[in-house]
Amino acid sequence: MSGTFVGMPAFPKAAHDAVRNTTLRANLRHATHTIRDKRARAVAELDDWAQLREAGKQIKDHTLRHLEHYLVQLEESVTAAGGTVHWAADADEANRIVTRLVRDTGESEVVKVKSMATQEIGLNEHLEAEGIHAYETDLAELIVQLGDDRPSHILVPAIHRNRGEIRDIFEKEMGRWGRPAPDGLSDTPAELAEAARLHLREKFLRAKVGVSGANFMVAETGTLVVVESEGNGRMCLTLPETLISVVGIEKIVPTWRDLEVFLQTLPRSSTAERMNPYTSMWTGTSDGDGPQTFHLVLIDNGRTDTLADEVGRQALRCIRCSACLNVCPVYERAGGHAYGSVYPGPIGAILSPQLRGTTSDIDASLPYASSLCGACYEVCPVAIDIPEVLVHLRERVVQGGEVTRRGAKVTLKPAKGHAAERAAMRAARWAFTHPAALATGQRLASRTRRFHPRTLPGPGRAWTATRDLPAIPAEPFRDWWQRTDGGKDAGK
Amino acid sequence: MSSRDVILGRVRRALGGPAAPPTSYDTDIDRGYRREHGERTVEQTVDLLAENLADYRAIVHRADSGELPELIAWLLAARGARTVLVPPGLPPEWLSAADPTRVHDRADSTAAELDRVESVVTGCAVAVAETGTLVLDASPDQGRRRITLVPDHHIVVVRVPDQVVSAVPQALERLDPTRPLTWISGPSATSDIELDRVEGVHGPRTLEVILVSGD
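Nothing here was measured: the structure is a model prediction, and the numbers come from that model. (Residues numbered from 1 in each chain as written. Chains lettered and ligands numbered in written order. Predicted model: local features only at pLDDT ≥ 70, side-chain atom pairs only at ≥ 80, totals over all residues. Heavy atoms only, no water.)

Pairing of side chains with opposite charge becomes possible as their charged atoms draw close. Residues and elements named next belong to chain A. Within this structure, the stated rule accounts for 53 salt bridges over all chains. A salt bridge links Glu332 to Arg36, with the shortest nitrogen-to-oxygen separation between them at 2.9 Å. Of this pair, Glu332 sits in helix α15 (residues 329-334) while Arg36 is found in helix α2 (residues 22-44), placing the two residues 296 residues apart along the sequence. For Arg443, the salt bridge identified is with Asp479, shortest N-O distance 2.8 Å. Separated by 36 residues along the polypeptide, Arg443 in helix α21 (residues 435-447) and Asp479 in helix α23 (residues 477-484) bring together distant segments of the chain. (Salt bridge = Lys/Arg side-chain N within 4 Å of Asp/Glu carboxyl O. Helix = DSSP H or I, 4+ residues; strand = E, 2+ residues; numbered from the N terminus.)

Rendered as structure tokens:
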């Protein structure tokens with residue numbers, strides 16, 4: 001149902017179209033401003049925020065440095081607690097494993113907790129093709145799924161839809177998938193939530209298989225943690241007989257105690273609450289309580305390639321809070337779809353090109369989907385220096401170089417379309433290392449400045465289409481400096 | 001080669017060879033953050049819990065242990081509840097004054113059966129004042145996770161001050177990770193539609209908390 005991102009145009013084209021959608025811009029502006037103000041208040045309540053942020057960063061960095069150890073420890077703990085651990089090197093393998101596990105139960109439908117990892121691997125589409133229907137049970141994911149749409153935000157995936165649009169989607173589509181929307185459904189959020197409650201309850205009560213992700217996995221104890229608000233997560237995690245959790249290998253924390261950091265920073269950063277309404281923690285299976293069969297599918301899908309990049313690996317610290325989206329001036333105007341991946345916004349701009357490589361147009365354009373203002377770094381609860389990684393990835397796109405893809409070192413060629421930029425940079429390097437030529441050029445430019453065009457010809461046109469060319473001064477700075485002795489004879 | 005070996009091999013290469021065991025864990029992490037925020041007396045901590053629960057739309061009541069049965073009976077009557085779910089180890093006196101038919105959660109009871117019950121009464125394992133959170137750990141006075149999820153009305157009894165801690169780090173210390181744990185901060189809620197908060201999507205739409213003192 002929900003569309004994939006195959007064939008997405010590169011960010012500049014997608015953003016160009018999105019910013020002309022006034023409904024989208026109004027929905028996004030309202031949402032991002034509301035949540036960023038609330039977040040600032042929630043964070044201000046804790047006077048040790050800086051220390052919590054630093055500890056979160058250190059815990060994640062330590063885990064990544066010793067990832068092999070903690071993965072093996074996690075596997076042992078989960079197995080000892082009655083679960084079964086599976087390993088998936090890429091999306092295809094993860095999808096095949098989940099399909100086989102569902103088939104083994106004899107069921108043809110599953111209920112799902114909202115999960116970025118299963119979106120990343122396109123699990124719903126894969127299951128559908130195999131004759132297994134996956135029901136999204138998070139309200140926003142339901143809106144997206146029923147509307148045959150794509151999520152546009154990590155936390156509130158239907159943020160691009162307003163209440164009127166949601167009412168129309170429910171009226172039109174709910175009946176096709178189960179209990180139809182009540183007659184005369186209004187567009188108040190309470191009535192819409194009630195319609196979702198009734199529609200989904202019949203699915204929860206008969207579901208035999210649940211599929212989830214996890215926010216954290218504790219290596220020491222084998223505990224998985226899901227943080228949510230609505231209770232659809234609790235439904236999927238406790239009512240079915242079989243639970244399959246699909247989790248990225250970077251979601252590990254070493255010890256039980258480490259949760260004390262993230263359970264303080266995650267809710268305040270994401271929904272701006274002191275604590276989200278529901279958090280579920282389970283360790284393997286428990287006699288008579290919850291699913292009696294538990295599978296954990298650990299996925300790589302580009303994460304080890306990201307780990308191999310010393311600058312870029314910090315993106316793996318991400319706890320998917322989405323604070324960076326809500327402060328980003330680019331996200332606020334372009335919306336989540338323009339990023340062409342399940343991870344939108346600033347984190348998506350550094351994570352997607354690393355997980356997927358920078359060879360496609362959309363991935364090569366993502367490191368440029370930013371003004372480098374740094375607001376994302378300021379709010380990140382694990383201190384990911386997103387601007388640093390963006391610049392690092394831009395360099396890789398323009399210059400190419402050695403990267404790791406699917407575990408093997410490969411040498412990337414410079415991306416096409418950056419030839420003019422590279423030529424300009426080479427010319428600049430030559431000019432700056434030949435002072436006499438530079439001085440001549442500058443004097444020439446000043447003398448002919450009346451005749452300069454307002455836009456550049458040739459490949460430079462793309463640059464000046466959205467910018468004004470800087471005006472050239474009547475006299476080069478260095479000539480002025482010599483003539484006036486550094487301004488001492490100013491005015492002469 | 002299995003995918004497990006593939007992934008672990010890639011991790012090793014990404015980090016430049018086999019990693020030493022993480023002996024540095026204690027020194028790597030600077031835990032300079034607080035165990036709790038601000039200084040409070042025991043009473044102030046309980047007050048803060050009440051305040052933060054109410055802020056997230058839980059309905060908070062206070063009682064001493066002698067008043068508890070009457071209060072529970074009254075709350076169930078005010079809802080018009082005809083049936084109430086009872087975890088196996090709930091102290092019998094808590095419901096001694098209540099009229100509704102008691103429904104006991106059995107291993108073979110289906111989710112659809114639970115769906116027909118109107119209210120549930122449980123204890124809790126620990127409550128966190130700074131965040132307004134109740135934690136259930138499936139002990140006998142709380143029952144299986146599903147019984148506090150499917151009915152629309154949940155009454156939680158918190159023994160104060162014994163079961164109350166100030167902050168999240170202190171709560172984790174008290175909990176046993178091998179038990180299934182549910183942290184509850186206010187009733188079920190969603191903000192998915194234009195970020196307007198709506199209570200009650202799938203979990204209980206009404207959460208009532210009784211802070212009970214005395215023995």
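All names here are of chain A. In this model helix α10 (residues 189-206) runs 26 Å from its N-terminal to its C-terminal C-alpha over 18 residues, within 8% of the 26 Å that 1.5 Å per residue would give. The sharpest bend along α10 measures roughly 30° and falls at Leu200. Regarding α10, the residues found buried are Pro189, Leu192, Ala193, Ala195, Ala196, Arg197, His199, Leu200, Arg201, Lys203 and Phe204. (Expected span 1.5 Å × (residues − 1). Bend = angle between axes of the 7 residues up to and from the residue. Buried < 20%, exposed > 50% of the residue type's maximum accessible area, 1.4 Å probe, protein only.)

What follows deals with the UniProt feature "domain: LUD" (unreviewed entry) in chain A. In the UniProt entry, the feature "domain: LUD" (unreviewed entry) is given for residues 73-287 of chain A. The span residues 73-287 of chain A carries 44% helix and 19% strand; its end-to-end C-alpha distance comes to 23 Å. (UniProt positions renumbered as here; feature names shortened; annotations may be inferred.)

A few words now on the packing of aromatic side chains. Residues and elements named next belong to chain A. Applying the stated criterion to the full structure yields seven aromatic pairs over all chains. A connected cluster of aromatic rings, assembled from ring pairs, spans Phe11, Tyr331 and Tyr339. It is Arg234 that lies over the ring of Tyr278; its NZ or CZ is 4.7 Å from the centre. (Phe/Tyr/Trp six-rings, centres within 6.5 Å; stacked < 30°, edge-to-face > 60°. Lys NZ or Arg CZ within 6 Å of the ring centre and 35° of its normal.)

Let us look at unusual backbone geometry. That bond from B:Val160 to B:Pro161 is cis: its omega, 0°, falls within 30 degrees of zero. Structurally, the position occupied by B:Pro161 is in the loop between β7 (153-159) and β8 (164-165). Phi is positive for A:Ala272, close to 65°, though the residue is something other than glycine. Its location among the elements puts A:Ala272 in the loop between α12 (259-270) and β9 (278-283). For A:Arg320, which is not glycine, the phi dihedral falls at a positive 60°.

UniProt records the feature "domain: LUD" (unreviewed entry) for residues 100-212 of chain B in the present numbering. The span residues 100-212 of chain B is 11% helical and 35% strand by assignment, and the distance between its end C-alpha atoms comes to 22 Å.

Next up on the list: the domain arrangement of chain B. On domain assignment, one finds that chain B holds domain 1 (1-31) and domain 2 (38-213). For domain 1 of chain B versus domain 2 of chain B, the separation of C-alpha centres amounts to 42 Å. (Domains from an automatic or database assignment.)

Within the secondary structure, A:Gly458 is located in the loop between α21 and α22 (461-464). A C-alpha to C-alpha distance of 9.3 Å links A:Gly458 and A:Ala420, two positions 38 residues apart in sequence.

Turning to the nonpolar core, a few remarks are in order. Ranked by internal contacts, the top residues of the largest apolar core, which has 143 residues, are A:Phe170, A:Leu259, A:Leu296 and B:Trp183. Each of two domains, domain 1 (1-31) and domain 2 (38-213) of chain B, supplies a minimum of three residues to this core. What A:Leu296 contacts, discounting residues up to four positions off in sequence, is A:Leu74, A:Val78, A:Thr84, A:Val85, A:His86, A:Met217, A:Leu224, A:Ser245 and A:Val247. (Core = buried A, V, L, I, M, F, W, Y, C linked by side-chain atoms within 4.5 Å. Contact = heavy atoms within 4.5 Å.)

Before going further, it helps to spend a moment on the side chain of A:His153. Residues and elements named next belong to chain A. As for its placement among the helices and strands, His153 is situated in the loop between α8 (139-146) and α9 (163-177). Of the polar contacts made by the side chain of His153, one reaches the backbone nitrogen of Val156; its length is 3.1 Å. For His153, the contacting residues outside a window of four places in its chain are Ile159, Ser322, Leu325, Asn326, Tyr331 and Pro344. (Polar contact = N/O pair within 3.5 Å; in protein donor to acceptor, adjacent residues only side chain to side chain.)

Before going further, it helps to spend a moment on the sheet that holds strand β1 (residues 84-88) of chain A. Residue and element names in this part refer to chain A. Strand order in this open sheet of six strands is β1-β10-β7-β4-β2-β3, and the pairing throughout is parallel. Edge strands, defined here as strands with exactly one partner in the open sheet, are β1 and β3 (133-136). Strand-to-strand twist in this sheet, taken as the mean axis angle between neighbours without regard to direction, amounts to 25°. Looking at chain direction, strand β2 (residues 109-112) and strand β4 (residues 209-212) are connected through two bridges and run parallel. By the bridge assignment, Lys112 is partnered in β4 with Val211. (Pairing = 2+ DSSP bridges. Axes fitted to C-alpha atoms, helices over the stretch in contact; angles between N-to-C directions.)

Contacts between the two partners involve 96 residues from chain A and, on the opposite side, 76 residues from chain B. Carbon and sulfur atoms make up 57% of the surface buried where chain A meets chain B, a total of about 7500 Å² over both sides. Applying the counting rule to chain A against chain B returns 16 salt bridges. Residue A:Glu260 pairs with B:Arg35 through a salt bridge whose shortest N-O separation is 3.1 Å. Between chain A and chain B we count 46 residue pairs in polar contact (both at pLDDT 80 or more) in total. It is α10(A) that provides the largest number of residues to the side of chain A that touches chain B, a total of 11 residues. Within the side of chain A that touches chain B, the residues separate by chemical class into 46 nonpolar, 26 polar and 24 charged. (Buried area = accessible area lost by both parts, 1.4 Å probe. Nonpolar A, V, L, I, M, F, W, Y, C, P; charged D, E, K, R; others polar.)

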